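Each chain, letter by letter, is given below.
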Amino acid sequence: MDEKSQDVDIKHIAGLARLNLNDSEISRYETDINAVLTHAEQLSKVDLSDVSPTAHAVSITNVIRNDDEGVSMSRSNVLDNAPDVLDDELIKVPVVISSNSEDSA
Amino acid sequence: MSTVQKFVFKHNPGTIHEASDALETGDLSSVKLCEGLIDRIDSVDSEINGFLSVDKDQILEDATASDSRRKNGKELSPYDGIPIAIKDNISVKDQTCGCASKILEGFASPYNATVINNLRKNGVVCFGRTNMDEFAMGSTTEFSAYRKTSNPWDVGRVPGGSSGGSAAVISSGQALAALGSDTGGSIRQPASFCGVVGLKPTYGRVSRYGLVAFASSLDQIGPITRDVEDASILFELISGHDELDSTSLPKSNFNYADLHDEFDINSLKIGIPKEFLEVQGLSTDVKGAFEKSISIFKSHGCGIVEVTLPNLAYAVSSYYIIATAEASSNLSRFDGIRYGNRVDKSSDLLDIYLDSRENGFGEEVKRRILLGTYVLSSGYYDAYYLRAQKMRTLIRDDFNKAFSACDLLLSPVSPISAYPFGSVSDPLQTYLSDIYTIPVNLAGNCAISVPTSFDGDGMPIGTQLIGNFMEEVKLLQAASWFESVNDIGKQT
């Protein structure tokens, strides 16, 4: 773990997290995150091989409801918070599949 | 030193139970009560900055409706017309819910959180949105994208966080009580810093439906109030099973009346985890307050036993791995597409994600998203996330063992009391100061912060009582007893 925490590639991680960062942010976060990970190396000194992980404080089982029709939020209610709307009925986003790929399809 | 704290409640009742009594007898109306508090906001909140918004018209409309219900003998509960301030990450239909983040600027909730429905069923008036660290990530409220909230006991100091706005508006007499949320201490620590009461309920007793998720396995909504009685009242109103939250416990409803069950301080056993006095950075003043509380319990005949939480030293590491991992996943939904702020400088979809998130998230949120993404990323999952989850098992087991030897644990809330703005800037140091509150969230237990004394600078210090799973009755009885026998002293 020692080596791993020293080579945090913030640029790569920021790409995975869909965050744009400037150079000063990259260097600051590199320092901060390395410090936290170095502290967390203490966890590797404990023998945890026979311990099972806890995902939740409460042991919960899946909750399944009856497959009944319910009341959903109205379309206009949802669209009220959308940044860009088309014809009062769709959320507008940029073209995902370009016209070139449409041609080839 | 500010004088804000000193003239609180000259005209208003200070607590829910006092106001409820006055409404019952007709000495007070909800409109008069809300107007008094709004006047108070107008005169002091420019100095405190505890509220992000207060919709005065809506508040007075709801208060008027409550008064006419009472007039017709149709009040919904003894708390009909009581105003409660709401942290900015809890959804109230048609009101803004921004988590003090720019990425949710202008977002209006399309529905009520279950806790809000529960309050409304009882006639409670939603009274303003309180400031917080962005997405509840922080311990000072300095990470709000909008404003810094000041500690009413000294406006040059932080109120704690992340529910710093909720704690500060109560402490400065601008609200009777508030809802906060606690993922790693965000209710208890600001309550301690501001000299008020903060309860983190057992995980699963209060529905998280409508609470904007930070770390789902740790988040819990709870009350911040002026006294333990109010915390109990508010907890009764918001607790209970909810089918809209899959982690909601069955039979989770808390009954205030259960507090009247027999309580005998002589048969109570309080455990002191020996590791708590050895925490690095524990200030002399906080240590003094902690020792004072131990001696109060002891001198009244309560049994004091030493217990151990041997894995305490690993709690902060595992918490910040688990909480950031969950946060990185939860906050991936903020992409500028369906709601929230969109930055579309380019016509490329990926650029919209990148630019909207760059622009919308603040410093600490980005830091935690990055850390969480890293510990979940390919090749590191086993080394960090899985190990942290295994450590969580050991920490929970430690609590179970401790509670087999005692009824409640006693502890400081934070190793330090409220400090001046900007004096703690290193993220790791800030994280480490969550040492006393974090283990409770990892284990899922309940805990409460109760005002205890003042430090040398006149800042309040709280004591934390920790209860076993679902044992809020015992927790609140002991907290209420402690509150009644403890002389908090005067601000020096």
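Just so it is clear, the structure is predicted and the values come from calculations on it, not from any experiment.

What counts, and where the lines are drawn
Residues numbered from 1 in each chain as written. Chains lettered and ligands numbered in written order. Predicted model: local features only at pLDDT ≥ 70, side-chain atom pairs only at ≥ 80, totals over all residues. Helix = DSSP H or I, 4+ residues; strand = E, 2+ residues; numbered from the N terminus. Rg over C-alpha atoms; globule rule 2.2 N^0.38 Å. Buried ≥ 20, exposed ≤ 12 C-beta atoms within 10 Å, placed from the backbone. Contact = placed C-beta atoms within 7 Å. Core = buried A, V, L, I, M, F, W, Y, C linked by C-beta atoms within 7 Å. Pairing = 2+ DSSP bridges. Axes fitted to C-alpha atoms, helices over the stretch in contact; angles between N-to-C directions. Nonpolar A, V, L, I, M, F, W, Y, C, P; charged D, E, K, R; others polar. Parallel < 35°, antiparallel > 145°, perpendicular 65-115°, else oblique. Left-handed = near helix turned anticlockwise from the far one by under 90°. pLDDT = per-residue confidence, 0-100. Expected span 1.5 Å × (residues − 1).

Asks: Help me understand the overall build of chain B, please; the structure alone is not making it clear to me.
Replies: Looking only at helices and strands, chain B has 15 helices and 11 strands in total. The C-alpha atoms of chain B give a radius of gyration of 21 Å, which matches the 23 Å a tight globule of 492 residues would have. C-alpha atoms of chain B, sized along the principal axes, occupy 65 × 55 × 45 Å. The buried share among the 492 residues of chain B stands at 61%. In chain B, the proportion of contacts linking residues at least 24 apart, taken out of those at least 6 apart, comes to 75%.

Asks: Where do I start with the overall build of chain A in this structure?
Replies: Within chain A, the regular secondary structure consists of five helices and two strands. Secondary structure elements of chain A, listed N to C terminal, follow the sequence α-α-α-α-β-β-α. In chain A, which comprises 105 residues, the share counted as buried stands at 15%.

Asks: Can you walk me through the nonpolar core in this structure?
Replies: Generally speaking, soluble globular proteins have nonpolar side chains that are buried together. All names here are of chain B. Counting residues in each nonpolar core, the largest one holds 163 residues, and the members touching the most others are Ile84, Ala178, Leu370 and Leu465. With nine residues, the single largest contributor to this core is helix 9 (residues 315-330). Aside from chain neighbours lying at most four places away, what touches Ile84 is Leu119, Val124, Cys126, Phe127, Ala177, Ala178 and Leu179.

Asks: Please clarify how the sheet that holds strand 5 (residues 197-200) of chain B should be interpreted in this entry.
Replies: The strands that make up a sheet are held in pairs by hydrogen bonds between backbone atoms, and each pair lies either parallel or antiparallel. Residues and elements named next belong to chain B. Taken in spatial order, the 11 strands of this open sheet run 1-3-2-4-6-5-10-11-9-7-8, and their pairing is mixed. In this open sheet, the two strands that pair with only one neighbour each are strand 1 (51-53) and strand 8 (303-307). The average undirected angle you get between the axes of adjacent strands in this sheet is 30 degrees. As judged from the five bridges shared by strand 7 (residues 269-273) and strand 8, these two strands associate in the parallel manner. The partner of Pro273 across the bridge, within strand 8, is Val307. Lying on the sheet, helix 2 (residues 30-48) is in contact with strand 1, strand 2 (83-87) and strand 3 (125-130); it crosses strand 2 at an angle near 45 degrees.

Asks: Help me out: how do you make sense of the interface of chain B and chain A in this one?
Replies: Quoted interface sizes are often the accessible area lost when the parts come together. Chain B puts 57 residues into the contact, and the matching count from chain A is 46 residues. Those elements that place two or more of their residues in the side of chain B that touches chain A are helix 9, helix 10 (349-360), helix 11 (363-376), helix 12 (382-403), helix 13 (427-432) and helix 14 (438-443) of chain B. Here the residues of the side of chain B that touches chain A are counted per class, giving 30 nonpolar, 14 polar and 13 charged.

Asks: What is the right way to look at the packing of helix 3 (residues 23-40) of chain A against helix 11 of chain B in this model?
Replies: Each pair of packed helices can be described by the angle between their axes along with the distance between the axes. One way to put it is that helix 3 of chain A packs onto helix 11 of chain B with a least axis distance of 10 Å and a crossing angle of 55 degrees. Accordingly, the angle class assigned to the pair helix 3 of chain A and helix 11 of chain B is oblique. Here helix 3 of chain A runs over helix 11 of chain B; the crossing is right-handed. Residue-level contacts link Tyr29(A), Asp32(A), Ile33(A) and Val36(A) of helix 3 of chain A to Arg367(B), Leu370(B), Leu371(B) and Tyr374(B) of helix 11 of chain B. The class makeup of the residues in the contact of helix 3 of chain A with helix 11 of chain B is six nonpolar, no polar and two charged.

Asks: Can you walk me through the packing of helix 2 of chain B against helix 3 (residues 56-71) of chain B in this structure?
Replies: All names here are of chain B. Put simply, helix 2 and helix 3 touch, their axes get as near as 8 Å, and they point 155 degrees apart. Put simply, helix 2 runs roughly antiparallel to helix 3. Of helix 3, the residues touching helix 2 (which contributes Ser30, Val31, Cys34 and Ile38) are Lys56, Ile59, Leu60, Ala63, Thr64, Ser66 and Asp67. Across the contact of helix 2 with helix 3, the residue classes break down as six nonpolar, three polar and two charged.

Asks: Whenever I open this one, the confidence of the model for chain B confuses me. Can you help?
Replies: Detailed conclusions should not be drawn from predicted coordinates in areas where pLDDT is low. Residue and element names in this part refer to chain B. On average, chain B scores 95 in pLDDT, and the residues at 70 or more come to 97%. For residues 1-11, every residue scores under 50 in pLDDT, and the model assigns this stretch 22 contacts once sequence neighbours within four places are set aside. Note on the complex model: pTM 0.95, ipTM 0.91.

Asks: Help me understand helix 4 (residues 114-121) of chain B in this model?
Replies: Because each turn of an α-helix spans 3.6 residues, side chains separated by three or four positions end up pointing in the same direction. Along helix 4 of chain B, the positions that sit buried rather than exposed are Thr114(B), Val115(B), Ile116(B) and Leu119(B). Of the residues flanking the end of helix 4 of chain B, it is Gly123(B), one or two places downstream, whose phi is positive at about 85 degrees.

Asks: Is there a simple way to explain the pairing of strand 5 of chain B in this structure?
Replies: If a strand is regular, its side chains alternate between the two faces of the sheet. Residues and elements named next belong to chain B. Side chains of strand 5 alternate between two faces, with Val197 and Leu199 and Gly198 and Lys200 buried alike. Of the pairings in the sheet, the one linking strand 5 to strand 6 (residues 221-225) comprises two bridges and is antiparallel in character. Its bridge partner being in strand 6, Gly198 is matched across the sheet by Ile224. Where strand 5 and strand 10 (residues 446-454) come together, three bridges link them in antiparallel fashion. Looking across to strand 10, one finds that Leu199 is bridged to Ile448.

Asks: It is not clear to me how helix 8 (residues 284-299) of chain B should be interpreted in this structure. Could you clarify?
Replies: Residues and elements named next belong to chain B. Spanning 16 residues, helix 8 covers 22 Å between terminal C-alpha atoms, matching the ideal 22 Å at 1.5 Å per step. The elements touched by buried residues of helix 8 are strand 7, strand 8, strand 9 (408-412), strand 10 and strand 11 (460-467). Gly301 sits one or two residues past helix 8 and shows a positive phi near 95 degrees.

Asks: So what exactly am I meant to see when it comes to the environment of Leu465(B) here?
Replies: Residue and element names in this part refer to chain B. Among the secondary structure elements, Leu465 is positioned in strand 11. By C-beta crowding, Leu465 is classed as buried, having 26 other C-beta atoms within 10 Å. Spatially, the C-alpha atoms of Leu465 and Ile84 are 24 Å apart, while their sequence positions differ by 381 residues. Apart from the residues within four sequence positions on either side, Leu465 is in contact with Leu408, Leu410, Ala447, Ile448, Val450, Leu475, Ala478 and Ala479.

Asks: Sorry if this is basic, but what is going on with the pairing of strand 6 of chain B here?
Replies: Residues and elements named next belong to chain B. Buried residues dominate strand 6, accounting for five of its five residues. In terms of strand pairing, strand 4 (residues 177-181) meets strand 6 through five bridges, oriented antiparallel. The residue of strand 6 that forms the bridge with Leu179 is Pro223.

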